[in-house]
Amino acid sequence: MIHFSLKCSQNHSFDSWFQSSDAFEKLAKAGMLTCAECGDRAVEKSLMTPKISTQSPSESHAFSAPMSEAERNLAKMKREIEANSDYVGMNFAHEARAMHIGESPARAIYGEAKAEEAKSLIEDGIPVAPLPFVPKRHTN
């Protein structure tokens, strides 16, 4: 996973995680990236500096800087989505399509989909949106 600082054409700044730099480029070209604040689809990478830890591993769990208001809002949104939606993992595209055509009961879901799958859902008029965070994977 790679972390990018992003900005939209309205100069809103936000961060997001991507599987790779190529994954970011593919999503950007497909118009599947949106500003977390205004929904603008003209999203590009901001100037970034690498994060290099100056702490030893034993110190790394010490105090961290206070979160910005945007980070607090994203954390709150993540908690609400995870608490009020069903995690469907890599079956997201299949479940979203099944609900859209009435084969599965409508409910709030979140999960993961390949870029091609998400693009196909959008092209078919199925409302989906990328999350501005990486869902925690459920195992069992």
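For the structure itself, consult the block above.
Residues numbered from 1 in each chain as written. Predicted model: local features only at pLDDT ≥ 70, side-chain atom pairs only at ≥ 80, totals over all residues. Heavy atoms only, no water.

Draft legend 1. View of helix α3 (residues 92-100). Within the sequence span of α3, burial applies to F92, A93, E95, A96, A98 and M99. Summarising the contacts, the buried residues of α3 are in contact with β5 (109-110) and α4 (115-123). Once α3 finishes, G102 follows within two positions and takes phi at roughly 85°, a positive value. (Buried < 20%, exposed > 50% of the residue type's maximum accessible area, 1.4 Å probe, protein only. Helix = DSSP H or I, 4+ residues; strand = E, 2+ residues; numbered from the N terminus. Contact = heavy atoms within 4.5 Å.)

Draft legend 2. Region of the structure containing the state of the cysteines. Counted under the stated rule, the structure contains zero disulfides. Counting only cysteine sulfurs, C38 is the nearest neighbor of C35, a cysteine outside any disulfide, at a range of 3.7 Å. (Disulfide = S-S within 2.5 Å.)

Draft legend 3. Focus on the packing of aromatic side chains. On inspection of all chains with the given rule, the structure shows four aromatic pairs. On the basis of an interplanar angle of 40° and a centroid distance of 5.8 Å, the ring pair of F4 and F18 is categorised as tilted. Residue F4 is found in strand β1 (residues 2-8), and its partner F18 is found in strand β2 (residues 13-18); the two are separated by 14 residues along the sequence. Among the aromatic residues, those joined into a ring-pair cluster are F4, F18 and F24. (Phe/Tyr/Trp six-rings, centres within 6.5 Å; stacked < 30°, edge-to-face > 60°.)

Draft legend 4. Main features of the sheet that holds β1. Pairing within the open sheet is antiparallel, and its three strands lie in the order β2-β1-β3. At either margin of the open sheet sits one strand with a lone partner, and together these are β2 and β3 (43-45). Here the strands of the sheet are splayed against their neighbours by 40° on average, with no regard to which way each runs. In the sheet, β1 pairs with β2 via six bridges, with the strands oriented antiparallel. If you follow S5 over to β2, its bridge partner there is D15. (Pairing = 2+ DSSP bridges. Axes fitted to C-alpha atoms, helices over the stretch in contact; angles between N-to-C directions.)

Draft legend 5. Summary view of the pattern of salt bridges. Following the criterion strictly, the structure yields five salt bridges and no others. With a closest N to O distance of 2.9 Å, R107 and D86 form a salt bridge. Residue R107 is found in the loop between α3 and β5, and its partner D86 is found in strand β4 (residues 86-87); the two are separated by 21 residues along the sequence. The class of D86 is partly exposed, set by a relative accessible area of 38%. Counted as one network, the salt bridges with shared partners bring together D86, E95 and R107. (Salt bridge = Lys/Arg side-chain N within 4 Å of Asp/Glu carboxyl O.)

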